[in-house]
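Residue strings, one per chain:
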Amino acid sequence: MEIINRKQRMASIARKLRRESKTVGFVPTMGALHEGHLTLVKEARQMSDIVIVSIFVNPTQFGPGEDFERYPRDLTADAAMLAEYEVDYVFAPDTDEIYIPGFSTYVYVEGLTETLEGASRPGHFRGVATVVTILLNTVRPDLAFFGSKDAQQVGVVKRLTRDLGFETEIVVVPTVREESGLAMSSRNAYLNEDERQKASILYQALREAKLAFKNGERNASAIAQIVEDKIATEPLARIDYVAVVSNDDLEPIDKIADSEVLVAVAVRFGKVRLIDNVILNRKQ
Ligand code: AMP
């Protein structure tokens, strides 16, 4: 496994791999790796000849007052884990390798980015779309792996690859959870033991929504209410939003029909903001 810091070197290795007709699977991350990330890596390992993982805490996707400075970073531990999973290259650039002096070009995906996380975190998806564009343009992978825990991010990345004509196929991997149901996240490290236990309320609430749907509930606002009521039983939890939207365009819906519906939540526990979701009517 080789660790690469320079964008030019990463691009030249990627060019060589293309000349050799190797299929490249790419997993972009911000590091502080956990089982969720490693599941993406395993999937990439199975589906590609060469696996490249990037580790880059992307400043432009953090808003003012968010946790960019204190975001957990441990490249040594991350690299050791990735070596065990037979990753071929780790791309870990410094900020100024990606945002070169005088950088002034940003990618903005209209519509999709204006609701949910986009509404709560202005500028977040501009940062995500910009860095994903730079990374995909550098690595030019055949496959890129993203977690459905960040469902809106998946929608944004699919849209930008389609609109900008990237040939990379986006592979979506289901959310990996702790035994309690809590979705794994690098930000779970900020939770104390008590909060961590109680944070499983997000998944319990989403499971109740799934159950109600299974039992015939088709009214989107009734589903949202079930989720809100359940989360409200946990005094430590402060709801940011509960949304029941079309999984295609993230537009609000009234009645749930046959197409995929995203039930998404964002909840604060103290200073920590957690997101989670389930999809109803999931098509394989
Ligand atoms: P991050 O390091 O948080 O930017 O995440 C990197 C990638 O890992 C993104 O595609 C995430 O959606 C994915 N990911 C994060 N947590 C999980 C999880 N619990 N299960 C599956 N994928 C995840």
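Model, not experiment: these values are computed from the prediction.

Participant: Lay out the packing of helix α9 (residues 201–214) against helix α10 (residues 220–232) with the relevant residues and their values.
Facilitator: For the pair α9 and α10, interaxial distance at closest approach is 8 Å and the crossing angle is 150°. In terms of orientation, α9 lies roughly antiparallel with respect to α10. Our pair here, α9 against α10, has a crossing hand that is right-handed. The segment α9 lies against α10, with Ile-201, Gln-204, Ala-205, Glu-208, Ala-209, Ala-212 and Phe-213 engaging Ile-223, Ile-226, Val-227, Lys-230 and Ile-231. When grouped by side-chain class, the residues that make up the contact of α9 with α10 number 9 nonpolar, 1 polar and 2 charged.

Participant: Can you lay out the site of the ligand for me, pointing to particular residues and giving the numbers?
Facilitator: Taken together, 16 residues are adjacent to the ligand, and Met-30, His-37, Asp-150, Val-176 and Met-184 come closest. A distance of 2.9 Å separates an oxygen atom of the ligand from a polar atom in the backbone of Met-30. Between the ligand and Val-176, the relevant distance is 2.8 Å, taken from a nitrogen atom to a main-chain nitrogen or oxygen of the residue. In the complex, 93% of the free accessible area of the ligand, which totals 490 Å², lies under the protein chains. Counting residues per element, the ones that place at least two in the shell around the ligand are β2 (24–29), α2 (35–47) and β5 (143–147). Looking at the shell around the ligand element by element, the count peaks at 3 residues for α2. In the shell around the ligand, the residues fall into 7 nonpolar, 7 polar and 2 charged.

Participant: Now, about a positive patch on the surface: what can you tell me, with residues and values included?
Facilitator: Taken together, the side chains of Arg-15, Arg-18, Arg-19 and Arg-140 present a region of like positive charge at the surface. Within the secondary structure, Arg-19 sits in helix α1 (residues 7–19). Overall, Arg-19 belongs to the exposed group, its relative accessible area being 65%.

Participant: I'd like a rundown of the layout of surface pockets, residues and numbers included.
Facilitator: Estimated volume of the second largest pocket: approximately 450 Å³. For the second largest pocket, the lining is made up of 17 residues, of which Val-154, Lys-158, Asn-247, Glu-260 and Arg-282 are closest to its centre. Per-element accounting of the lining of the second largest pocket gives the leading share, 5 residues, to helix α7 (residues 151–164). Residues belonging to the lining of the second largest pocket are distributed by class as follows: 6 nonpolar, 5 polar and 6 charged.

Participant: Could you give an account of unusual backbone geometry, with specific residues and numbers?
Facilitator: Non-glycine residue Ala-32 carries a positive phi angle of around 50°. Positive phi, normally seen in glycine, also occurs at Leu-250, with a value near 60°. Among the structural elements, Leu-250 can be located in the loop between β7 (237–246) and β8 (261–269).

Participant: Account for the pairing of β8, naming residues and giving values.
Facilitator: Walk down a regular strand and you will see the side chains alternate between the two sheet faces. Among the 9 residues of β8, 8 are classified as buried, and the element is accordingly described as predominantly covered. By the bridge criterion, 9 bridges tie β7 to β8 in an arrangement that is antiparallel. If you follow Ala-243 over to β8, its bridge partner there is Ala-264. Here 9 bridges tie β8 to strand β9 (residues 272–280), and the two strands are oriented antiparallel to one another. Residue pairing for β9: Arg-268 is matched across the bridge by Arg-273. From the end of β8 to the start of β9, which pair antiparallel, there are 2 residues, and Gly-270 there has a positive phi angle of about 60°.

Participant: Tell me what's going on with the sheet that holds strand β6 (residues 169–173), and back it up with residues and numbers.
Facilitator: By definition, the strands of a sheet pair up through backbone hydrogen bonds, in either a parallel or an antiparallel sense. Within the open sheet, the 6 strands sit side by side as β1-β4-β3-β2-β5-β6. Their pairing is parallel. Each edge of the open sheet carries a strand with a single partner, namely β1 (2–4) and β6. Neighbour-to-neighbour, the strand axes of this sheet turn through a mean angle of 25°, independent of strand direction. Pairing between β1 and strand β4 (residues 89–91): 3 bridges, direction parallel. Residue Ile-4 lies in a different strand from β4, and its bridge partner there is Phe-91. Across the sheet, helix α3 (residues 75–84) is in contact with β1, β3 (50–55) and β4; its angle to β3 comes to roughly 165°. Against the sheet, helix α6 (residues 124–139) engages β2, β3, β4 and β5, with an angle of about 155° to β2.

Participant: Tell me about the side chain of Asp-276, residues and numbers included.
Facilitator: Along the chain, Asp-276 falls in strand β9. Taking the relative accessible area as the measure of exposure, Asp-276 reaches 3% and is therefore buried. In terms of polar contacts, Asp-276 uses its side chain to reach the side chain of Arg-177, at 2.8 Å. When neighbours within four sequence positions are excluded, Asp-276 is seen to be in contact with Arg-177, Ala-183, Leu-202, Tyr-203, Leu-206, Val-263, Ala-264 and Val-265.

About the cut-offs
- Each chain has its residues counted from 1, running along the sequence as written.
- Residue-level local features of this predicted model are given only where pLDDT is at least 70; pairs of side-chain atoms are given and counted only at 80 or more, and the full residue set underlies all totals for whole chains, interfaces and linings.
- Only hydrogens and water are removed before side-chain values are computed, so all heavy atoms of the structure are retained for them.
- The convention used is that axes are lines fitted to C-alpha atoms, helices contributing only their stretch in contact, and that angles between N-to-C directions extend from 0 to 180 degrees.
- The helix count covers DSSP runs of H or I at least four residues long, the strand count covers runs of E at least two residues long, and both are numbered beginning at the N terminus.
- Each angle gets one of four labels, with under 35 degrees taken as roughly parallel, over 145 as roughly antiparallel, 65 to 115 as roughly perpendicular, and the rest as oblique.
- Take the far helix as your reference; a near helix turned counterclockwise from it by less than a right angle gives a left-handed crossing, and one turned clockwise gives a right-handed crossing.
- Contacts are residue-level and defined by heavy atoms, with any inter-residue pair within 4.5 Å sufficient.
- Polar here means any residue outside two lists: the nonpolar Ala, Val, Leu, Ile, Met, Phe, Trp, Tyr, Cys and Pro, and the charged Asp, Glu, Lys and Arg; Gly therefore counts as polar.
- Near, as used in this document, describes a residue that has one of its heavy atoms within 4 Å of the molecule or strand being considered.
- Counted as a polar contact is a pair of N or O atoms within 3.5 Å, where, for protein atoms, one must be capable of donating a hydrogen and the other of accepting one, and residues adjacent in sequence contribute only when both atoms are in side chains.
- Only the protein chains shown count as cover for residues, with accessible areas throughout obtained via the Shrake-Rupley method and a probe of 1.4 Å.
- Put simply, a patch holds well-exposed residues, over 30% relative accessible area, that have no salt bridge, with like charges counted together within 9 Å and Val, Leu, Ile, Met, Phe, Trp or Tyr side chains within 5 Å.
- Here a salt bridge means any side-chain nitrogen of Lys or Arg lying within 4 Å of a carboxyl oxygen belonging to Asp or Glu.
- Counted as positive: Lys and Arg. Counted as negative: Asp and Glu. His and the chain ends are not counted at all.
- The location of each charge is read from NZ of Lys, CZ of Arg, CG of Asp or CD of Glu.
- Burial classification: accessible surface area is computed with a 1.4 Å probe over protein chains only, and a residue below 20% of its type maximum counts as buried, one above 50% as exposed, and the rest as partly exposed.
- Cavity means a closed set of points on a 1 Å grid over the protein atoms alone, one where a 1.4 Å probe fits but cannot get out, pocket means an open set with protein on both sides within 12 Å along at least 5 of 7 lines, and lining means a residue has an atom within 4 Å of a point.
- Grid points are joined across faces, edges and corners, and a volume is the space filled by probe spheres set on the points.
- Two strands are said to pair when DSSP picks up at least two bridges between them.

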